[in-house]
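Listed below are the residues making up each chain.
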Amino acid sequence: QVQLVESGGGLVQPGGSLRLSCTASGLTLDYYAIGWFRQAPGKEREGVSCISITGSTTYYTDSVKGRFTISRDNAKKTVYLQTLSLKPEDTAVYYCATVAWCDAQGMRVSHNWGQGTQVTVSS
């Protein structure tokens, strides 16, 4: 099994940046594709980004393309989500989870959820 812990969230002004981390304990991350998700109050959970086991394939939902970058360091058992030019609509709890494979469809099959980290974008 693998346990995931998210960190790096916080309060930031519009236009600001945060780097979110998803760190695994237990089993190494080498076996898993990882997705980042977010859920805002009153909204459905949204798949934001994912990265394949090797990092060769990435996916971003349209609303974050060009602003967010996902990366992984398997040696550190960590997946990162670098967020740039944050907007108020990015406000949500951000979660990471293992996913079946890295594309929009693969993100629908997810396990090993972390407990989330709050990102609040507000002036």
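So, how was this worked out
Residues numbered from 1 in each chain as written. Predicted model: local features only at pLDDT ≥ 70, side-chain atom pairs only at ≥ 80, totals over all residues. Heavy atoms only, no water. Helix = DSSP H or I, 4+ residues; strand = E, 2+ residues; numbered from the N terminus. Rg over C-alpha atoms; globule rule 2.2 N^0.38 Å. Buried < 20%, exposed > 50% of the residue type's maximum accessible area, 1.4 Å probe, protein only. Pairing = 2+ DSSP bridges. Axes fitted to C-alpha atoms, helices over the stretch in contact; angles between N-to-C directions. Contact = heavy atoms within 4.5 Å. Core = buried A, V, L, I, M, F, W, Y, C linked by side-chain atoms within 4.5 Å.

A short note on the overall build of the chain
Next, step 1: Looking only at helices and strands, the chain features zero helices and 11 strands.
Next, step 2: For the chain, the α and β elements follow one another from N to C terminus as β-β-β-β-β-β-β-β-β-β-β.
Next, step 3: In summary, the chain has a C-alpha radius of gyration of 13 Å against a globular reference of 14 Å for 123 residues, a match within 12%.
Next, step 4: By principal-axis analysis of the C-alpha atoms, the chain measures approximately 40 × 25 × 25 Å.
Next, step 5: Each of the 123 residues in the chain was classed as buried or not, and the buried ones make up 42%.

Considerations on the sheet that holds strand β1 (residues 2–7)
Next, step 1: Strand order across the open sheet formed by four strands is β1-β3-β8-β7, with antiparallel pairing between neighbours. Across the chains shown, the open sheet's two edge strands, defined by having one partner strand only, are β1 and β7 (68–73). Neighbour-to-neighbour, the strand axes of this sheet turn through a mean angle of 15°, independent of strand direction.
Next, step 2: Inspection of the sheet shows β7 paired to strand β8 (residues 78–83) by six bridges, in the antiparallel sense. If you follow R72 over to β8, its bridge partner there is V79.

A short note on the pairing of β1
Next, step 1: Of the two faces of β1, only one is covered, namely that formed by V2, L4 and E6; the face formed by Q3, V5 and S7 stays uncovered.
Next, step 2: For β1 and strand β3 (residues 18–26), the ladder comprises six bridges, and the chain directions are antiparallel. Bridge pairing links L4 to A24 in β3.

Looking at the environment of C96
Next, step 1: Residue placement: C96 occurs in strand β9 (residues 92–99).
Next, step 2: Taking C-alpha positions, C96 is 9.8 Å from L81, a pair spaced 15 residues apart along the chain.
Next, step 3: Filtering out sequence-adjacent residues up to four positions away, C96 remains in contact with L4, E6, C22, I34, G35, W36, N112, W113 and G114.

Remarks on the nonpolar core
Next, step 1: In terms of nonpolar packing, the biggest core is built from 26 residues, with I34, W36 and Y94 touching the most fellow members.
Next, step 2: Of all the elements in the fold, those that place two or more residues in this core are β1, β3, β4 (33–39), β5 (46–51), β7, β8, β9 and β11 (117–121).
Next, step 3: It is β3 that provides the largest number of residues to this core, a total of four residues.
Next, step 4: Within the second largest apolar cluster, seven residues are counted, among which are F37, C50, V99 and C102.

Just geometry here; none of it tells us what the structure is for.
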